[in-house]
Protein chains: 2
Amino acid sequence: MESCASLIAEQPHRLPPLQAATSRRRTLAVGLIGPGRVGSVLLAQLRAAQERLLRDAGLELKLCGVAASRRMWLDCDDPELNAQHDAQTWRPTDLEQFAAYVRGDGQRHAMLIDCSANDAVASNYPYWLAAGVHVVTPNKLANSGPLSRWQAILAASQHGARFRYEATVCAGLPVVQTLRDLLDTGDQLLSVEGMFSGTLAWLCCHYDGKRPFSALVREAHALGYTEPDPREDLSGIDVARKLVILAREAGWPMSLHDVAVESLVPPTLVHVPLDEFMARLDELDAPMAARLAEAQAERGVLRHVASLDHNGRAQVRLQVLQASHPFAHTRLTDNIVQFRTQRYRDNPLLVQGPGAGPEVTAAGVFADLLRIAESLEARA
Amino acid sequence: MESCASLIAEQPHRLPPLQAATSRRRTLAVGLIGPGRVGSVLLAQLRAAQERLLRDAGLELKLCGVAASRRMWLDCDDPELNAQHDAQTWRPTDLEQFAAYVRGDGQRHAMLIDCSANDAVASNYPYWLAAGVHVVTPNKLANSGPLSRWQAILAASQHGARFRYEATVCAGLPVVQTLRDLLDTGDQLLSVEGMFSGTLAWLCCHYDGKRPFSALVREAHALGYTEPDPREDLSGIDVARKLVILAREAGWPMSLHDVAVESLVPPTLVHVPLDEFMARLDELDAPMAARLAEAQAERGVLRHVASLDHNGRAQVRLQVLQASHPFAHTRLTDNIVQFRTQRYRDNPLLVQGPGAGPEVTAAGVFADLLRIAESLEARA
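Fair warning: this is a prediction, and the values are worked out from it, not measured in the lab.

Of all hydrophobic cores here, the largest spans 161 residues; its most connected members are Y125, W128, F196 and L234 of chain A together with Y125, F196 and L234 of chain B. In contact with Y125 of chain A, not counting residues within four places along its chain, are D114, V135, T137, A142, I153 and F163 of chain A.

Residue and element names in this part refer to chain A. Annotation from UniProt places "binding site: L-homoserine" (unreviewed entry) at E227. Considering the arrangement of structural elements, one finds E227 in the loop between α10 (213–222) and α11 (231–234). Judged by its relative accessible area of 37%, E227 is partly exposed. Apart from the residues within four sequence positions on either side, E227 is in contact with H221, E232 and D233.

Here Q352 of chain A is to be found in strand β13 (residues 349–354). Relative accessible area serves as the criterion here: at 6%, Q352 of chain A is assigned to the buried category. At a separation of 3.2 Å, a polar atom in the side chain of Q352 of chain A contacts the side chain of D334 of chain A. Ignoring anything within four residues of it in the chain, the contact list for Q352 of chain A reads L173, T330, R331, D334, N335 and I336 of chain A together with P348, L349 and L350 of chain B.

Okay, the sheet that holds strand β1 (residues 26–33) of chain A next. Residue and element names in this part refer to chain A. Pairing is mixed in the open sheet, where 7 strands are placed in the order β4-β3-β2-β1-β5-β6-β7. With one partner strand each, in any of the chains shown, β4 (91–92) and β7 (163–164) form the two edges of the open sheet. One ladder, built from 8 bridges, connects β1 with strand β2 (residues 59–67); its direction is parallel. Each residue of the ladder has a partner; that of R26, found in β2, is L59. Sitting on the sheet, helix α15 (residues 358–375) touches β1, β2, β5 (109–114), β6 (134–136) and β7, and the angle it makes with β6 is about 155 degrees.

What follows is about the sheet that holds strand β3 (residues 71–74) of chain B. All names here are of chain B. The strand order β4-β3-β2-β1-β5-β6-β7 describes an open sheet built from 7 strands, whose pairing is mixed. The sheet is open, and its two edges are formed by β4 (91–92) and β7 (163–164), each paired on a single side. Pairing between strand β1 (residues 26–33) and strand β5 (residues 109–114): 6 bridges, direction parallel. Directly across from L28, in β5, lies its bridge partner H109. Set on the sheet, helix α2 (residues 37–57) makes contact with β1, β2 (59–67), β3 and β5; between it and β2 the angle comes to about 160 degrees.

Residue and element names in this part refer to chain B. Relative to β3, β2 runs antiparallel, the two being bridged by 3 bridges. For V66, the partnering residue across the bridge sits in β3 and is W73. Connecting the antiparallel pair β2 and β3 is a turn made up of 3 residues. Bridge count for β3 against β4 is 2 bridges, and the pairing is antiparallel. Bridge pairing links R71 to P92 in β4.

What counts as what
- Residues numbered from 1 in each chain as written.
- Chains lettered and ligands numbered in written order.
- Predicted model: local features only at pLDDT ≥ 70, side-chain atom pairs only at ≥ 80, totals over all residues.
- Heavy atoms only, no water.
- Core = buried A, V, L, I, M, F, W, Y, C linked by side-chain atoms within 4.5 Å.
- Buried < 20%, exposed > 50% of the residue type's maximum accessible area, 1.4 Å probe, protein only.
- Contact = heavy atoms within 4.5 Å.
- UniProt positions renumbered as here; feature names shortened; annotations may be inferred.
- Helix = DSSP H or I, 4+ residues; strand = E, 2+ residues; numbered from the N terminus.
- Polar contact = N/O pair within 3.5 Å; in protein donor to acceptor, adjacent residues only side chain to side chain.
- Pairing = 2+ DSSP bridges.
- Axes fitted to C-alpha atoms, helices over the stretch in contact; angles between N-to-C directions.

And the structure:
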């Protein structure tokens, strides 16, 4: 081994500044799949930021195509992205063609953003990633669907292209990245507790027994707080998906069927048509009134809570919480999540805020895009 | 312009996977300045993670030196980092020599982590960054100190080397990055409200009039919750520094003197020696009792709140909050911050948890290191 003194003698004592500024300029070609509510807001956010990102971060965002379920357009159809697209510039959707076009010659950085809610689209992720195309999505299907597909996605993303999905849990709130940072810095997850449904939070916050539960569901439905079919919220499945995503992030290979989900939909109403369900909504009232009475007897409040502990037990259910519990004080439709870890054992780390809506969901996707764009910087 | 059809015809329809996995392996040379409480825990965290990071992320962390205020060692003194260092391997601290050694030949990635609380160290950041050395720090001095120095640091970090400081505000809680993501995705900050001192939160939570305020300060001091001189907490200056850091992050060129800080230390006790201050602590009681009576008359609670609004008004002061305010329900020593933005206008985004302590502070620094390490990946 060389002597330390000689190694140091070789170093200049005053560090010379870099001769030329490292150019941080890079181009990222982006294709969007699913120009629905979130997708179209995202496009607007990206377009509004293009000039700023180029100026401040040297990032040229090249929006080069949009694929809807039946039709797609590519930027060569319409190079002026801000222009209204003439219907004639659309062609029938072919996702392979779309991905190949966005990827280009394989020399530029390329990203596909999946804002569809389509399971078949998610099945393409492993191929896209293996071909060097980054993938970002707000959709829960890949991360909470079949374990083998998710593992194929992870394996494919080991080869350089990156897969990010912050907006799958609580939209734009920093949840997945926060858990990732805890784990990557060597912390150990002990438990996760959360309220991942703004709709169920709103219903629970308002349900004090003065009005029947069904009346609140009707009001939430009329206000657009629920899905068109409120059973999608009331079943708890969407919440369970988010729990599966966080469990897998923590390295626990869990699937949807591993989560004990308490549905608020009585078994007799699960398979009836929507209008019949809405007509028979008052069948929810007696069981909910019993749960509320129980909570009130314990001087607590009723909340819809998802939880995951370090024994791998995952539950989604109504729980009675005491007034001292932080979940007893959330604002109306807020989502909330708290991580208890080895380092945050006594007082957990807590993130709270609106966890749904096109603007904040799109912003979560956008933040993922920027995180990947950062990693595209090569050192000169 | 080429026809779209010919461009597309050139693309293979089935994307071929990359021929060889892009190698993500890269080496990051790290030098630590300030092996105190946070710095030594950080070293332990980094050492514990070295093997995992190399295996899972292809990141070789090369810990190549530690500089304390008077002495430093370089890895060539002692290549076995986990070994106890013989006192003879230390040499007098020379930061220029230290930085030059960590930087090496300028070809490898290099990072200096400043865990000192030393203002002179912060003055080196612009030179280190300009020389291509990344800088990460939990210290508030650079970001809340002289505006011109901070601007020099920002300017220097435009050239490739990166400067990160998540742990300057609320330790390991995701605060700075969360604000950054909001802004970078095009959101507009309307206001920040926070409780940035676990000590003051503990004092406010416990102060209900049954015991005089001075007794609580003595207890907190005995428990080690306060700085050795409790005036450092009670003055509110440390909280004001964190507010300045967030304001600058939002693009508002604010300095410490722009913050209206309400100190809980009576003017007559500001300059007396520590033991005299501790002996005269009961002089805090009458003014605090008056504030508490005021809060109780309004049926609220007393909290120490930092706030920043979009008119650039920055305040740190005791405030009376109603029970419905989320800050009224924090857990003992928790920090809390809420961002109100254009997108989070009605319900703000809120992060809460322990905001001090060596373990979580070091983890915040570690997460910054990983964020930079991610960006070192070159695309093949």
